[in-house]
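Coordinate inspection notes
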Amino acid sequence: MAIGDVLETFGTPTALTITLTSIANGAGRLAAQIDNTSVRAPKIRIAARVKSGAAAPTVGSVYRFYVVRYDTHGTAYADDGLGAADAAVATEPVAAWEIGTIPLTASANTSFYGCWVVPDPGPKWSLVFWNASGQTISTTEGDHFIHYETRIIQVQ
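Read on for an overview of the structure.

Cut-offs applied
- Residues numbered from 1 in each chain as written.
- Predicted model: local features only at pLDDT ≥ 70, side-chain atom pairs only at ≥ 80, totals over all residues.
- Heavy atoms only, no water.
- Salt bridge = Lys/Arg side-chain N within 4 Å of Asp/Glu carboxyl O.
- Helix = DSSP H or I, 4+ residues; strand = E, 2+ residues; numbered from the N terminus.
- Buried < 20%, exposed > 50% of the residue type's maximum accessible area, 1.4 Å probe, protein only.
- Contact = heavy atoms within 4.5 Å.

A short note on the pattern of salt bridges
- Under the criterion given, the structure shown has seven salt bridges.
- Taking the shortest distance from any N to any O, the salt bridge between Lys43 and Glu8 comes out at 2.6 Å. Taken together, the positions of Lys43 in strand β5 (residues 43–51) and Glu8 in strand β1 (residues 6–10) put the pair 35 residues apart, joining distant regions of the chain.
- Take Lys43: its relative accessible area is 26%, and that puts it in the partly exposed class.
- With a relative accessible area of 26%, Glu8 lands in the partly exposed category.
- For Glu98, the salt bridge is made with Arg64, and the minimal N-O distance between the two is 3.9 Å. Note that Glu98 is positioned in strand β8 (residues 97–103) and Arg64 in strand β6 (residues 62–70), a separation of 34 residues in sequence.
- Taken together, the shared-partner salt bridges in this structure form one network comprising Glu8, Lys43, Arg45, Glu149 and Arg151.

So this is what it looks like as structure tokens:
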């Protein structure tokens, strides 16, 4: 490594505080807000696993993921009426940024995975999971996860 190399360091993968159980089709969940004001990560990586329920999703349908950015006072830049705590979401976000989808097959009780990099999450951020699968997701909390990992740029 030469002096002045620009390197990206990786934070510890951390679970978002979000209750992912029995979310019906056409409904979603907001994760508790993450405060990025001390870490100041310019990028984050989101990794998710969502398990379909006992009824198979509609083939070609998706699970959607949205990032919600807030200012330092906790006011959402994208005002979809979203708060800052783990909470149910009754209306699919229209102003939040859709970072990705997980395409689904018609497979019941199956784990589906996705991973995305989010540039410039801002001083505070959160995530919305939206179920557009045609069916309710698994009723077991341990069947699902959404983790984030910070990416920090360092010059060495």
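Considering the side chain of Ser52
- With respect to the helices and strands, the residue Ser52 is situated in the loop between β5 and β6.
- If near-sequence neighbours (up to four positions away) are discounted, Ser52 is found in contact with Pro57, Tyr63, Ser107, Ala108, Asn109, Thr110, Phe112, Ile137 and Ser138.

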